[in-house]
Amino acid sequence: MNAKQKDFFLKFDNRASLDETERMLYGHDIAAIPNLVKPIIGNTTPDAVVQPTSEEELVEIVRWAYDEGIPMTPRAKASSGYGGVIPMKKGLVIDFYRMKNIVAIDKENLTVTVEAGITWEKLDEKLKKEGLTLRLYPTSYPSSTAGGWLAQGGAGIGSTEFGYYSQNVVSARVVLPSGEVRVFEEDDLELVSEAEGITGFISQVTLKVQPLEDLDVVSLACPDAHELQRIVEGIVQADLPIWAMMFINPKMAELKNKAPLMEHYGHPIEERVILPASYIMTLAFRKKDAKTVRPILDDLVKPCQGEILSERIAHHEWEHRFKLMVVKRLGPSLVPSEVIVPLSHLGDVMTEIERKVDQPIVKEGVIIQKGPDGNPEVVILGFIPGDQRKLGYNFVFGLVMTIIKIARRYGGRPYSTGMYFAKKAGQILGKERVKRLKVFKREVDPKGLLNPGKVLKNGLLGMVMTFASAFESLIRPFGNLVITQVGERPEKPIRDIPPDVAWYAYSCSQCGYCIDECDQFYGRGWESQSPRGKWYWLREYMEGRTQWDQQMVDTFISCTTCELCNLRCSAALPIEPSWMKLRGQLIEDKKKMTFPPFEMMVAALQAEGNIWAGYRKSRGEWFPKDLEKKHGPGHRAKNVYFAGCTASYVENDIGMASVRLLDEAGVDFTYLGEKENCCATPMLVAGKWDVFEETMRKNIQAVKEAGADTVISSCPACDMMWRQVYPTWTKKLGIDFDIKAKHYSEVVAEKIASGEFTFPKNGQEPTTVTWHDSCHIGRVSGVYEEPRELIKAIPGVRFVEMEHNRQKGHCCGSVLTLLKEPPVAADIGKDRLDEAVEAGADKVLALCPCCEFQLRVSADTKKMDLEVVDLARFASSALGYDFPDPNPEVKKQWAVFEGMIALMTPQGFADLMGSMWKELIDAMPLGMGGMMRFMGKIPGALNMMKPMFPILFPRLLPLMMPKVMPVMLDRVRERIPMPDYMAEQMPDLMPKVMDNLMPHMIGDLVPLVTQPMIDYLRGKKAA
Ligand SMILES: Cc1cc2nc3c(=O)[nH]c(=O)nc-3n(C[C@H](O)[C@H](O)[C@H](O)COP(=O)(O)OP(=O)(O)OC[C@H]3O[C@@H](n4cnc5c(N)ncnc54)[C@H](O)[C@@H]3O)c2cc1C
Ligand code: SF4
Ligand code: SF4
């Protein structure tokens, strides 16, 4: 792409990317291409990626790119593995992520019209609210899209009753290269379905849906594939009203039994359900049909040596139907092969595969009651565990051909064409259809720019695949000879990536389930910001194709630690804990730069024990005077109330209200006052682990000295430290830690439940409130119900839930987004506030000081008239207490923060230096300032010196800093209006911050300051 073409993307602002790292992440799909095949495919990094938001924009992009002769590859969630989304000819990737609206729901005709990029999960959630649901969906339901599946084609859950997806589509709107938008219906749909975008890009799909009904599920087991076939044939013959039938083979059952469980802070959080080593079929049908289905199933399984399995297994298999990729943890790669075979040969095909493929092959299958010719078919997806980094993987890949050949022999076909099987398009799509497709392709895309190298033509790769197919019997022994190890085996660090993290990077199936709900991602919309993107980047890094730079360090640190991804991951990967490990590795060990504002927090914490640059002596000023004797420092009690920094210095109402509430509920507690330190969460996420450890030790000592054994927090981050992180760290460090953690909402809810505490009847004005589950009190500490119980116990309160609540609750976007990109934080915050408005709430209640801070700043920035109230304040107000309004202090502190964030960037420092050239030149050592001034008078002399500045500056600046610090502090104060206590401390804090930041920033700073300094010396600009 030339420079002029690149200019086209400027108008799309942050919806287009030319960034090298980003582009690299849009150049692949879920499959791990064997290393020997990669050179045949070549470099597939696109030249640009663009994300249209509407059909209109899509038309504009397609027409422009076509005129310019730029190849285009459509990409939805890239959950497919046939290479359809791989930009074989580079060019432009069109990402449908932002085209995800529901256009219309027609309840009468049971159809829905959607934009192509909507995921099945999101669509189904909306349909369920209308009493409808999907007729069928792929097992990649949490990530894949309505448009992607139409373009890819296929069958899924629900296909037993409803067949292939394309049979359930009414129409599709498609953008053609000319810019025409054409509607395809009935027979013409075959020109876009399974065409993978080679004939046009789908903008909208209208599909059939069904009424929502309760489902019943049954799992059954039988010893071999022939018996399985007999059972399914019996079901088909009996014409049982079954919606979905899918099965796994004994190897899959065995591996599922071995696969790691989902963990939380090192503890499994799901129960292992042991599956018998048999063929296991799970059936779903409408509850109203249970009386018809269940007795006949009983009769069918017995003669086939089968048995109906327990309800527990049935529910487990159903609940985990989207999580089959967990077996990839044992690979860490999988060689996939997918075929469709007639049901009448299911047993033969499975038996022959077992006979010919001498590798542990795990299989799952889906039954389709009526295939295209009216006869039942089975989709079989097989995986062979392997390791893509090893040579043997290339040979095992060859066994894909063996499986396809066996399927063909029994009247079957490969599942899809994509990038690999264009030469088999006739078998897959049918000869007549291929002919029609070719004619249409020539008509609409004579230049061959729409998704080149797919479906009908695939050049050299096609020849290689044909060769591999022809010599399958010769290649097979090599594949069978490879010794496959099965099991998780992290061994050694790879390029300094810890062994376990390295293993997870390869185990990630790239399914994309983690993407849409990750706030780091949805705040920005780019793959690099998602867990999937980061795992892929790590693979590239470990294989030496990319390097750490500040942008990538920032990307890992920007994760808000919301922990939602851990719960969504199809491979149960501990994602957030892995990023946490890397934070320490990058900042603590490799001394990379953390977010600059953290440096100010570190300096403030080390000086005065808090991150807000307040004085230690002021830490306890908020504590109610009348409670000092009963609960203040000096009172000995088993419980300590731990306020944390933000409640102590910014949102004082939280601390005041929390102690009032505890006191009124009759809880005996003490307060540490000046001995309390920051809980050190910011140090942990900043990667400043030495400061974290030092601070943790001080806090533990202070609690022990107070004679307490329980810490009651109000702040979820403090709670997380005392409940989860301090126990882990103290164990690791061998420190004695016998301290329990509780949240005040748990303590008060207990008192309410036991009847020891009630709210007065006349406490509150009637009001409607909703509850924001903070990530750290919710997903980390598991406290979901107690705050709700507390709210519901307050008379006059109407409680409404937001759409995303409890385990699925969305993050507020603090703190890491706020520190890195305030505008993104405001977008994420708005998302959450919008949900509250949608739920009909007058107030959003929260209990996390950082969430409250962030939501208040977001409401302010986005001009939303929604009150954010602290839960303790709300509850204590119902007891008759008044508290100061925290909003003015939040605004004041945010102004300081915002100013600091802007200052602590290369541009911010360059601007600051630009306001003090005189002092900087004067401060140069060894009379260099005078010399520079002299050079400024000689035409061209400074320009000749320019190449030396990058060498000189890093050496000179540390020597100049002490001399210019007073004037620098004046300039900072002029730019950032800060409270007196903060301004007083700046002379101590600022030099430390500069010492830590400058070595990292100087490289970016020098180019920004060189010309302004030359201009100043030449007298062009005064400072
Ligand atoms: C865990 C898991 C389970 C799966 N289960 C199933 C299953 O049950 N059944 C099944 O069939 N598949 C399954 N798949 C494969 C895959 O998820 C499906 O093919 C899915 O439909 C792809 O959807 P997508 O939105 O990710 O599309 P992508 O993978 O992004 O795209 C698929 C193809 O469509 C093209 N395309 C995308 N959007 C458009 C558009 N708007 N216009 C034109 N062309 C477009 C792409 O270029 C590509 O060729 C599974 C995958 C995973 C990881
Ligand atoms: S913890 Fe949250 S922000 Fe971080 S990667 Fe996971 S989902 Fe994204
Ligand atoms: S991290 Fe998990 S959910 Fe995300 S792409 Fe990888 S396997 Fe899928």
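Residues numbered from 1 in each chain as written. Chains lettered and ligands numbered in written order. Predicted model: local features only at pLDDT ≥ 70, side-chain atom pairs only at ≥ 80, totals over all residues. Heavy atoms only, no water.

1. So, the overall build of the chain
Here is step 1: Scanning the chain for helices and strands turns up 45 helices and 28 strands.
Here is step 2: The C-alpha radius of gyration computed for the chain amounts to 31 Å, which stays within 12% of the reference 31 Å derived for 1023 residues, consistent with globular compactness.
Here is step 3: The principal-axis extent of the C-alpha atoms belonging to the chain is close to 85 × 85 × 55 Å.
Here is step 4: Counting every position in the chain, which comprises 1023 residues, the buried fraction comes to 64%.
Here is step 5: Across the chain, contacts joining residues at least 24 apart in sequence account for 78% of those joining residues at least 6 apart.
Here is step 6: Summing over all exposed atoms, the chain offers an accessible surface of approximately 38,800 Å²; the carbon and sulfur share of this is 53%.
Here is step 7: Each charge class in the chain was averaged separately, 125 positive and 134 negative side chains, and the resulting centres sit 5 Å apart. (Helix = DSSP H or I, 4+ residues; strand = E, 2+ residues; numbered from the N terminus. Rg over C-alpha atoms; globule rule 2.2 N^0.38 Å. Buried < 20%, exposed > 50% of the residue type's maximum accessible area, 1.4 Å probe, protein only. Contact = heavy atoms within 4.5 Å. Areas by Shrake-Rupley, 256 points an atom, 1.4 Å probe, with all protein chains shown as cover. Lys, Arg positive; Asp, Glu negative; His and termini not counted. Charge placed at Lys NZ, Arg CZ, Asp CG, Glu CD.)

2. Details of helix 19 (residues 499-507)
Here is step 1: Of all nine residues that make up helix 19, eight are buried, and the element is covered over most of its length.
Here is step 2: Listing the buried residues of helix 19 in full gives Asp500, Val501, Ala502, Trp503, Tyr504, Ala505, Tyr506 and Ser507.
Here is step 3: Tucked inside the fold, the buried residues of helix 19 contact helix 21 (531-542) and helix 24 (575-589).

3. Notes on the pairing of strand 19 (residues 377-386)
Within a regular strand, side chains alternate between the sheet's two faces.
Here is step 1: Where burial is concerned, most of strand 19 is hidden: 10 out of the 10 residues are buried.
Here is step 2: What you see with strand 19 is no split at all: Glu377, Val379, Leu381, Phe383 and Pro385 on one side and Val378, Ile380, Gly382, Ile384 and Gly386 on the other are buried throughout.
Here is step 3: Inspection of the sheet shows strand 17 (residues 333-342) paired to strand 19 by 10 bridges, in the antiparallel sense. By the bridge assignment for strand 19, Pro336 is matched with Phe383.
Here is step 4: Where strand 18 (residues 362-368) meets strand 19, seven bridges bridge the pair, whose relative direction is antiparallel. Counted as the bridge partner of Glu364 is Leu381 from strand 19. (Pairing = 2+ DSSP bridges.)

4. Focus on the packing of helix 30 (residues 689-705) against helix 31 (residues 716-733)
Here is step 1: For the pair helix 30 and helix 31, interaxial distance at closest approach is 11 Å and the crossing angle is 105 degrees. As summarised for this structure, helix 30 and helix 31 are arranged roughly perpendicular, according to the angle between their axes. Touching Trp689, Phe692, Glu693, Met696, Arg697, Asn699, Ile700 and Val703 of helix 30 are Met721, Trp722, Val725, Tyr726, Trp729, Thr730 and Leu733, all from helix 31.
Here is step 2: For the contact of helix 30 with helix 31, the per-class residue count stands at 11 nonpolar, two polar and two charged. (Axes fitted to C-alpha atoms, helices over the stretch in contact; angles between N-to-C directions. Parallel < 35°, antiparallel > 145°, perpendicular 65-115°, else oblique. Nonpolar A, V, L, I, M, F, W, Y, C, P; charged D, E, K, R; others polar.)

5. Digging into the sheet that holds strand 3 (residues 72-75)
Here is step 1: Taken in spatial order, the four strands of this open sheet run 1-2-4-3, and their pairing is mixed. Strands with a single pairing partner mark the edges of an open sheet, and in this sheet they are strand 1 (16-17) and strand 3.
Here is step 2: Of the strands in this sheet, strand 2 (48-50), strand 3 and strand 4 (92-95) touch helix 4 (residues 55-68), which is tilted by about 170 degrees from strand 4.

6. Focus: helix 32 (residues 744-753)
Here is step 1: Counting buried positions over the 10 residues of helix 32 gives seven, a clear majority of the element.
Here is step 2: Those residues of helix 32 that sit buried are Tyr744, Ser745, Glu746, Val747, Val748, Ala749 and Lys751.
Here is step 3: Two residues or fewer past helix 32, Gly755 is found with a positive phi of approximately 85 degrees.

7. Examining the site of ligand 2
Here is step 1: Ligand 2 sits among Cys518, Asp519, Gln520, Pro531, Cys559, Thr560, Thr561, Cys562, Glu563, Cys565, Glu576 and Trp579.
Here is step 2: Going through the elements one at a time, helix 20 (519-522) and helix 24 are the ones with two or more residues in the shell around ligand 2.
Here is step 3: Counted by class, the shell around ligand 2 contains six nonpolar, three polar and three charged residues. (Near = heavy atom within 4 Å.)

8. Quick word on the packing of aromatic side chains
The relation between two aromatic rings is expressed through the spacing of the ring centres and the mutual angle of the planes.
Here is step 1: Applying the stated criterion to the full structure yields 44 aromatic pairs.
Here is step 2: Between Tyr26 and Trp526 the ring centres are 5.7 Å apart and the planes differ by 70 degrees, which places this aromatic pair in the edge-to-face class. Remark: Trp526 occurs in the loop between helix 20 and helix 21 and Tyr26 occurs in the loop between helix 2 (20-25) and helix 3 (38-41); sequence separation between them is 500 residues.
Here is step 3: When its relative accessible area of 1% is taken as the criterion, Tyr26 is described as buried.
Here is step 4: Residue Trp526 is classed as buried on the basis of its relative accessible area, which comes to 8%.
Here is step 5: Note on Phe853 and Trp894: the rings are 6.3 Å apart at their centroids and 75 degrees apart in plane angle, and the pair reads as edge-to-face. One end of the pair, Phe853, is in helix 37 (residues 849-861); the other, Trp894, is in helix 39 (residues 887-903), and 41 residues separate them in sequence.
Here is step 6: Here Phe853 falls in the buried class, since its relative accessible area comes to 5%.
Here is step 7: Taken together, Tyr504, Trp535, Trp537, Tyr541, Trp548, Phe556 and Trp579 form an aromatic cluster joined through their ring pairs. (Phe/Tyr/Trp six-rings, centres within 6.5 Å; stacked < 30°, edge-to-face > 60°.)

9. Thoughts on the packing of helix 37 against helix 39
Angle between the axes and distance between the axes: these two values describe a pair of packed helices.
Here is step 1: Where helix 37 contacts helix 39, the axes come no closer than 10 Å and their chain directions differ by 85 degrees. In terms of orientation, helix 37 lies roughly perpendicular with respect to helix 39. Contacts between helix 37 and helix 39 involve Phe853, Arg856, Val857 and Asp860 from the former and Asn887, Val890, Lys891, Gln893 and Trp894 from the latter.
Here is step 2: Here the residues of the contact of helix 37 with helix 39 sort into four nonpolar, two polar and three charged.

10. Some details on unusual backbone geometry
Here is step 1: Pro332 follows Gly331 through a cis peptide bond whose omega is 10 degrees.
Here is step 2: Mapped onto the fold, Pro332 is located in the loop between helix 11 (311-319) and strand 17.
Here is step 3: With phi around 45 degrees, Arg495 is a residue other than glycine that occupies positive phi space.
Here is step 4: With respect to the element layout, Arg495 can be found in the loop between helix 18 (472-481) and helix 19.
Here is step 5: Notably, Glu563 is not glycine yet its phi reads approximately 70 degrees, a positive angle.
Here is step 6: Within the secondary structure, Glu563 sits in the loop between helix 22 (550-557) and helix 23 (564-568).
Here is step 7: Residue class for Glu563 comes out buried when judged on its relative accessible area of 5%.

11. Observations concerning the site of ligand 1
Here is step 1: Inspection of the region around ligand 1 gives 35 residues, with Pro74, Ser79, Ser80, Ser140 and Tyr415 positioned closest.
Here is step 2: Here an oxygen atom of ligand 1 sits 2.6 Å away from a polar atom, N or O, in the main chain of Pro74.
Here is step 3: In this structure, Asn451 approaches ligand 1 through a side-chain N or O atom, which is 3.3 Å from an oxygen atom.
Here is step 4: When residues of the shell around ligand 1 are traced back to their parent elements, those giving at least two are strand 3, helix 6 (146-152) and strand 10 (201-211).
Here is step 5: Per-element tally for the shell around ligand 1: the top contributor is helix 6, with four residues. (Polar contact = N/O pair within 3.5 Å; in protein donor to acceptor, adjacent residues only side chain to side chain.)

12. Observations regarding the sheet that holds strand 24 (residues 740-743)
In a beta sheet, neighbouring strands pair by backbone hydrogen bonds and run either parallel or antiparallel.
Here is step 1: An order of 22-21-23-24 is seen for the four strands of this open sheet, with the pairing classed as parallel. Both outer strands of the open sheet, strand 22 (670-671) and strand 24, are each paired with one neighbouring strand and no more.
Here is step 2: Pairing of strand 23 (residues 710-713) with strand 24 involves four bridges; the strand directions are parallel. Its bridge partner being in strand 24, Val711 is matched across the sheet by Ala741.
Here is step 3: Lying on the sheet, helix 28 (residues 652-664) is in contact with strand 21 (639-642) and strand 23; it crosses strand 21 at an angle near 155 degrees.

13. With respect to the side chain of Arg329
Here is step 1: Structurally, Arg329 is set in the loop between helix 11 and strand 17.
Here is step 2: What makes Arg329 buried here is its relative accessible area of 4%.
Here is step 3: Of the polar contacts made by the side chain of Arg329, one reaches the side chain of Glu488; its length is 2.5 Å.
Here is step 4: Apart from the residues within four sequence positions on either side, Arg329 is in contact with Pro260, Gly487, Glu488, Trp503, Tyr504, Ser507, Ala571, Ala572, Leu573 and Pro574.

14. Observations regarding the pattern of salt bridges
Here is step 1: Enumeration according to the criterion identifies 70 salt bridges in this entry.
Here is step 2: Across the salt bridge formed by Glu271 and Arg312, the nearest N and O atoms sit 2.8 Å from each other. Taken together, the positions of Glu271 in the loop between strand 14 (267-268) and strand 15 (279-286) and Arg312 in helix 11 put the pair 41 residues apart, joining distant regions of the chain.
Here is step 3: The exposed category is assigned to Glu271, whose relative accessible area is 61%.
Here is step 4: For Arg312, a relative accessible area of 45% translates into the label partly exposed.
Here is step 5: Each of Asp773, Glu785, Arg788, Glu801 and Arg806 takes part in salt bridges that share partners, so that together they form one network. (Salt bridge = Lys/Arg side-chain N within 4 Å of Asp/Glu carboxyl O.)

15. Observations regarding the pairing of strand 9 (residues 181-185)
Here is step 1: Of the strand pairs in this sheet, strand 8 (residues 169-175) and strand 9 are connected by five bridges, and their pairing is antiparallel. Residue Arg173 lies in a different strand from strand 9, and its bridge partner there is Val183.

16. Let's talk about the environment of Ala665
Here is step 1: With respect to the secondary-structure elements, Ala665 resides in the loop between helix 28 and strand 22.
Here is step 2: Linking Ala665 and Phe759, residues 94 residues apart in sequence, is a C-alpha distance of 9.7 Å.
Here is step 3: If we ignore the near neighbours within four places in the chain, the residues touching Ala665 are Val748, Lys751 and Phe757.

Don't take any of this as a statement about function, it's just geometry.
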